[in-house]
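Residue-level structural notes
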Amino acid sequence: MKPNKQSFARVMQNNWFILKYGLMYSRKYIIFTCLYACLQEIEIFLEHVILIKFVFDSVQFGTSFSTVALYIGLTVLFIAGCFVLDSIYYQSVEPKGKELLYQKLRMDLYTKAVKTDLSNYDDPVYYNEYVWSANDARNRIDATIDNIRNICKSITVIVTSVSFFLFVDKLGLVFILVSFIATMLFSMLANKVRFAMRMELNEKDRKRIYLKRLFYLADYAKELRLYSIKEKFFREFSRTHVEMHAIVNKHSKKQFWINFTSDYFFNELILGGLYVVYVVFMALVKGTLSYGSAVTLLNSCWRLKGNMQYLTSLVSEMQENSMYIEKLRSFLDQPNEMKDADDPLAVPDRFTGLELRNVSFRYSESGSPILHDVDLTIRPGEKIAIVGYNGAGKTTLTKLIMRLYDASSGEIRLNGIAIDQFNLDDYRMKFSSVFQDHQLFAASLSENVLMQHCSADDPEKARLALEKSGFGDKLHSLPMGTDTSITKEFNDSGVELSGGEAQKVAISRVFAKPTLLILLDEPSSALDPMSEYHLNQVMLEKAENRPIIFISHRLSTTKMVDRIFMMENGRIIEQGSHDELMRLKGKYAHMFNLQASRYRVVAGVKQA
Ligand SMILES: Nc1ncnc2c1ncn2[C@@H]1O[C@H](COP(=O)(O)OP(=O)(O)OP(=O)(O)O)[C@@H](O)[C@H]1O
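Fair warning: this is a prediction, and the values are worked out from it, not measured in the lab.

So, the overall build of the chain
In terms of helices and strands, the chain carries 19 helices and 10 strands. Taking 608 residues into account, the globule formula puts the C-alpha radius of gyration at 25 Å, and the chain, at 37 Å, lies well above it. For the chain, with 608 residues in total, the buried portion stands at 42%. Taking the contacts inside the chain whose residues are at least 6 apart along the sequence as the reference set, 74% of them involve residues at least 24 apart. Here the chain has roughly 33300 Å² of accessible surface; of this, 59% comes from carbon and sulfur atoms. In the chain, which carries 73 positive and 68 negative side-chain charges, the distance between the mean positions of the two groups comes to 6 Å.

And the structure:
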């Protein structure tokens, strides 16, 4: 990503956002990182500047050997201490500190993800942003800490070197500043030329990329073989190449002069020539500088200038980091449309009725309406079925009932109270549901049934629920029983269940959770007819007077419910018992007869 215009304040805020995580959750690591970065540069300063100056000066001025040896010994001891710290930092402090930060930031992202409106997942931009943020969180922490570390290092080098120059040779700072400012100006000029060249090349590049696609994608392979259009593109390819070469040629001449002036006049000539002559003159002719000072000044001038340049380049690294952090923050700050009421009500424990009045819905502002003026009532203990062709809006209706989405207009009431008055999490917990696309998790069988972390007496609850859903035989064949790991994701001895078995596990969740209402969206689609029959019987027996909403394409299921709602194009077009709807001879009767005749044909073929 190329840095774009972000205010300096925003760049700082974004980098601070990640650094704040560090200070909040792993303060010692951040402080250690900063101090250790400074210490590393102080160590280099002592070893490469002060020690060298001391040794040269000792030879020049005849300092006693014991003083030199003591000084060298102390420096070696200091360096040894730094090496010990180095091991502690890189082997222990940094891995632990970073891991903690990765974990905290990811946890915030995951927490945000499970709290975010489900509708956000329908928005590909939002979804990509989330996936991107989750994948990139680690890089942002790494980049921010690297930047902080490098800033500390550069500042330490600048402070120690400038102090050294102030003590030993103030005029040297003028040489360095002139060289630094001139090279910076020239590098800005070089960037401008490079940018202009990139812009010109981009246009040609687009053509080259198109030609590349043309010659390697299978989509064009037939036409390229059958027509002589390929000749045109070969010619275009050669011409593009020549044009690009000319652009590079034109700009590279300018770049040559800029780089030459910058490198030769302002780098080499000022620091590598004039300053060397000046230092040698002061040391050898005037004698105002010691040999040690001369050697270390020449060494330090490059180090100081290099770090001044590096510090300015860190600003653009922080800008780039900030662009990525911005995306991460925009995901974390995304407001939720679905909120709790200001003073949310507790959800009642007893069900007295659920009512949908004039409910209409569309998935997005710009999308087409999916549900139109739906009216539906469910009474205590009632078993209803919602039927209809694919895409009629059955699953969408159940999502609104469970408040995974809010209706665009109309009202849904539980026990006479609008459902948006209840605490959202509490409300959703009052449903037992099995979706067509139910998921099993890489966790134990009992956790998959109870859908929570299991404690000691939970496996028995899970076993009873599994028996009810018809999973008993399979359960007895599993040596680890309800402790069996589902999937081999984390455990080689985990089991992979068949589609029907997995569906039975999902269904057992309904029996394990004491809820107000059961919602089954195609619960038996993967079951064989015997299992389906068994399930339907058990469901009716064991639902314990809880109302059930069935969504099923198998109309044999619908025969046993109290009322059927037939949907078409987002509307309820017929409702009544099976017998009433059959007498009506409407769409339901038509669908039922069609399915029954198909069964008869299949049965006929089997018998024959
Ligand atoms: N997340 C979504 N975003 C946008 N449109 C959606 C979304 N989910 C479903 N739809 C659309 O809503 C309409 C109704 O879908 P829904 O899943 O409710 O139908 P259904 O009656 O349950 O169908 P089926 O019998 O095939 O399961 C379909 O046209 C579908 O494409």
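What to know about the sheet that holds strand 3 (residues 383-388)
Ordered by their spatial adjacency, six strands build an open sheet running 6-7-8-3-9-10, and the pairing between neighbours is mixed. Among the strands making up the open sheet, the edge pair consists of strand 6 (431-434) and strand 10 (571-576). The sheet shows a mean angle of 15° between the axes of neighbouring strands, direction not considered. Contacts from helix 15 (residues 499-512) reach strand 6 and strand 7 (517-521) within the one sheet, and its direction differs from that of strand 6 by about 170°.

Things to note about the site of the ligand
Lining the immediate environment of the ligand, one finds 14 residues, of which Asn 390, Gly 391, Lys 394, Thr 395 and Thr 396 sit closest. Between an oxygen atom of the ligand and a side-chain N or O atom of Asn 390, the distance comes to 2.8 Å. In the environment of the ligand, an oxygen atom lies 2.4 Å from a nitrogen or oxygen atom belonging to the side chain of Thr 396. Here the ligand, which alone exposes 630 Å², has 65% of that area covered by the protein. For the shell around the ligand, the per-class residue count stands at four nonpolar, seven polar and three charged.

Regarding the domain arrangement of the chain
A common measure of how large an interface is: the accessible area buried when the components associate. Split into domains, the chain comes out as domain 1 (1-159), domain 2 (354-430 + 515-607) and domain 3 (445-509). Centre-to-centre, using C-alpha coordinates, domain 2 lies 27 Å away from domain 3. Tallying the contact residues gives 12 residues for domain 2 and eight residues for domain 3. Carbon and sulfur atoms make up 62% of the surface buried where domain 2 meets domain 3, a total of about 710 Å² over both sides. Summed over the shared surface of domain 2 and domain 3, the number is zero salt bridges.

Focus: the UniProt feature "domain: ABC transmembrane type-1" (unreviewed entry) in the chain
As annotated in UniProt, the feature "domain: ABC transmembrane type-1" (unreviewed entry) corresponds to residues 50-320 in the numbering used here. Taken as a whole, residues 50-320 contains 94% helix and 0% strand, while its terminal C-alpha atoms sit 37 Å from one another.

Overview of the UniProt feature "transmembrane region" (unreviewed entry) in the chain
UniProt marks residues 29-56, 68-90, 148-167, 173-190 and 264-285 with the feature "transmembrane region" (unreviewed entry), using the numbering shown here. Along residues 148-167, the helical share is 100% and the strand share 0%, with 28 Å between the first and last C-alpha atoms. The span residues 173-190 shows a helical share of 100% and a strand share of 0%, and its end C-alpha atoms are spaced 25 Å apart.

Some points on the side chain of Glu 382
Within the element layout of this structure, Glu 382 appears in the loop between strand 2 (371-378) and strand 3. When neighbours within four sequence positions are excluded, Glu 382 is seen to be in contact with Thr 377, Pro 547, Ile 548, Asp 562 and Arg 563.

Quick look at helix 10 (residues 394-401)
Most of helix 10 is tucked away: six of the eight residues are buried. Residues Lys 394, Thr 396, Leu 397, Thr 398, Leu 400 and Ile 401 constitute the buried set of helix 10. Remark: Arg 403 follows helix 10 within two positions and exhibits a positive phi of approximately 55°.

Side note on the sheet that holds strand 5 (residues 417-418)
The four strands lie next to each other as 2-1-4-5, forming an open sheet whose pairing is antiparallel. With one partner strand each, in any of the chains shown, strand 2 and strand 5 form the two edges of the open sheet. Here strand 4 (residues 409-414) runs beside strand 5; their pairing, made up of two bridges, is antiparallel. Each bridged residue has a counterpart across the sheet, and for Leu 414 the counterpart in strand 5 is Ile 417.

Details of unusual backbone geometry
Of note, the phi angle at Met 451 is positive, near 55°, even though the residue is not glycine. Following the sequence through the fold, Met 451 ends up in the loop between helix 12 (445-450) and helix 13 (458-468). Met 451 gets classed as partly exposed once you look at its relative accessible area, which sits at 43%.

A closer look at a nonpolar patch on the surface
Together, Phe 56, Val 280, Phe 281, Leu 284, Val 285, Tyr 291 and Val 295 make up a nonpolar patch on the protein surface, roughly 630 Å² of accessible area in all. If you list the elements that add at least two residues to the nonpolar patch, you get helix 8 (229-286) and helix 9 (291-333). Element by element, the count of residues in the nonpolar patch is highest for helix 8, at four residues. Mapped onto the secondary structure, Leu 284 falls in helix 8.

Some words on the pattern of salt bridges
Throughout the structure, instances matching the rule amount to 28 salt bridges. Notably, a salt bridge pairs Asp 205 with Arg 198, separated by 2.8 Å at the nearest N-O pair. Connected via shared salt-bridge partners are Lys 204, Lys 207, Lys 232, Glu 236, Arg 239 and Glu 243.

Details of the packing of aromatic side chains
Summed over the entire model, instances satisfying the criterion amount to 31 aromatic pairs. Here Phe 164 and Phe 165 contribute two aromatic rings whose centre-to-centre distance is 6.4 Å and whose plane-to-plane angle is 85°, an arrangement assigned as edge-to-face. Each residue in the set Phe 45, Phe 164, Phe 165, Phe 175, Tyr 275 and Tyr 278 is aromatic and connected to the rest through ring pairs, giving one cluster. In this structure, Lys 232 packs its charged tip against the face of Phe 233, placed 5.7 Å from the ring centre.

Basis of the calculations
Residues numbered from 1 in each chain as written. Predicted model: local features only at pLDDT ≥ 70, side-chain atom pairs only at ≥ 80, totals over all residues. Heavy atoms only, no water. Helix = DSSP H or I, 4+ residues; strand = E, 2+ residues; numbered from the N terminus. Rg over C-alpha atoms; globule rule 2.2 N^0.38 Å. Buried < 20%, exposed > 50% of the residue type's maximum accessible area, 1.4 Å probe, protein only. Contact = heavy atoms within 4.5 Å. Areas by Shrake-Rupley, 256 points an atom, 1.4 Å probe, with all protein chains shown as cover. Lys, Arg positive; Asp, Glu negative; His and termini not counted. Charge placed at Lys NZ, Arg CZ, Asp CG, Glu CD. Pairing = 2+ DSSP bridges. Axes fitted to C-alpha atoms, helices over the stretch in contact; angles between N-to-C directions. Near = heavy atom within 4 Å. Polar contact = N/O pair within 3.5 Å; in protein donor to acceptor, adjacent residues only side chain to side chain. Nonpolar A, V, L, I, M, F, W, Y, C, P; charged D, E, K, R; others polar. Domains from an automatic or database assignment. Buried area = accessible area lost by both parts, 1.4 Å probe. Salt bridge = Lys/Arg side-chain N within 4 Å of Asp/Glu carboxyl O. UniProt positions renumbered as here; feature names shortened; annotations may be inferred. Patch = residues over 30% accessible without salt bridge, like charges linked within 9 Å, V, L, I, M, F, W, Y side chains within 5 Å. Phe/Tyr/Trp six-rings, centres within 6.5 Å; stacked < 30°, edge-to-face > 60°. Lys NZ or Arg CZ within 6 Å of the ring centre and 35° of its normal.

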